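A look at the structure
One-letter residues, chain by chain:
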Amino acid sequence: LGIPFSEGMVKNRYVGRTFIEPDQEMRRLGIRLKFHPVAEVAGRRVVIVDDSIVRGNTTRQLVQMLFDAGATEVHVRISSPPVVSQCYYGIDLADPDELIANGRTVDQVRAHIGATSLAYLSHDGLVESTRRPASVLCRACLMREYPTAVPVESAKLRFEPSRA
């Protein structure tokens with residue numbers, strides 16, 4: 001595209017995966033420790049490229065951090081379609097009410113994360129990028145089309161010990 005590329009944020013490799021923290025406050029603090037905008041973003045239009053947006057908390061904080069560092073625009077590009085539903089096949093996703101794209105338009109998600117613009121990879125683009133037929137890919141959390149029956153009790157913590 002002829003767009004100059006440089007690192008706009010430095011990632012602290014010693015901070016673990018923030019999305020698996022047990023509560024929002026711990027995730028928020030972890031994000032602040034994990035990412036640091038570089039001074040060169042000041043006065044620039046910036047593009048963030050990420051693999052997905054699940055809850056939107058990390059993305060919202062990163063966008064705000066870049067604006068706080070002086071970016072004039074922050075455009076977000078996501079290399080998957082929106083995550084709109086739970087995964088029952090091994091990925092520990094949030095409850096549907098916590099998924100930012102569940103029941104929201106792309107523009108509503110954009111406004112929620114505070115970005116100048118937001119675009120996702122399309123479902124067709126995802127399939128094409130794998131060079132495999134759609135029939136061999138699981139896209140249940142992206143399309144709400146499950147290959148098996150969905151559990152009746154679908155709460156995320158249904159197998160955890162009671163915290164009463």
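Up top is the structure.
Here is what the cut-offs are and how they apply
- Residues numbered from 1 in each chain as written.
- Predicted model: local features only at pLDDT ≥ 70, side-chain atom pairs only at ≥ 80, totals over all residues.
- Heavy atoms only, no water.
- Helix = DSSP H or I, 4+ residues; strand = E, 2+ residues; numbered from the N terminus.
- Buried < 20%, exposed > 50% of the residue type's maximum accessible area, 1.4 Å probe, protein only.
- Contact = heavy atoms within 4.5 Å.
- Areas by Shrake-Rupley, 256 points an atom, 1.4 Å probe, with all protein chains shown as cover.
- Pairing = 2+ DSSP bridges.
- Axes fitted to C-alpha atoms, helices over the stretch in contact; angles between N-to-C directions.
- Core = buried A, V, L, I, M, F, W, Y, C linked by side-chain atoms within 4.5 Å.
- Expected span 1.5 Å × (residues − 1).

This part takes up the overall build of the chain. Each helix and strand in the chain was counted, giving five helices and five strands. Going residue by residue from the N terminus, the α and β elements of the chain occur as β-α-β-β-α-β-α-β-α-α. For the chain, the residues scored as buried account for 32% of the 164 residues in total. A sequence separation of at least 24 residues applies to 70% of the contacts in the chain between residues at least 6 apart. For the chain, the exposed area adds up to about 10700 Å²; of that, 54% sits on carbon and sulfur atoms.

With that settled, the discussion passes to the sheet that holds strand E5 (residues 117-120). Strand order in this open sheet of three strands is E3-E4-E5, and the pairing throughout is parallel. With partners counted over all chains shown, the strands left at the sheet margins are strand E3 (45-50) and E5, one partner each. The sheet shows a mean angle of 15 degrees between the axes of neighbouring strands, direction not considered. Bridge analysis of E3 against strand E4 (residues 73-78) gives six bridges, and the strand direction is parallel. Bridging from a neighbouring strand, Ile48 pairs with Val76 of E4. In the packing of helix H2 (residues 57-68) onto the sheet, contacts are made with E3 and E4, and the angle to E4 comes to roughly 150 degrees. Against the sheet, helix H3 (residues 106-113) engages E4 and E5, with an angle of about 130 degrees to E5.

Here the focus is the nonpolar core. Ranked by size, the top nonpolar core spans 24 residues in total, and within it Leu66, Val76 and Leu118 carry the most contacts. Examining the composition of this core, we find that four residues originate from one element, H2, more than from any other. Residue contacts for Val76: discarding those within four places in its chain leaves Ile48, Thr59, Val63, Ile113, Ala115, Ser117, Leu118 and Ala119. One finds Val83, Leu126, Cys141 and Leu142 within the second-largest nonpolar core, a separate group that totals five residues.

For H2, with 12 residues, the first-to-last C-alpha span of 16 Å sits near the 16 Å given by 1.5 Å per residue. Those residues of H2 lying buried are Asn57, Thr59, Gln61, Leu62, Val63, Met65 and Leu66. Phi turns positive one or two residues past the end of H2, at Gly70, with a value near 105 degrees.

Another aspect to go through is unusual backbone geometry. Both trends apply: most residues other than glycine have a negative phi, and most peptide bonds are in trans. At Arg131, a residue that is not glycine, the phi angle is positive and equals roughly 60 degrees. In this structure, Arg131 sits in the loop between helix H4 (123-130) and helix H5 (140-143). In this structure Arg131 comes out as exposed when scored by relative accessible area, which is 79%. If you check the backbone angles, Arg144 has positive phi at about 60 degrees while not being a glycine. Mapped onto the elements, Arg144 comes out in the segment after H5. Take Arg144: its relative accessible area is 43%, and that puts it in the partly exposed class.

None of this, on its own, says anything about what the molecule does.
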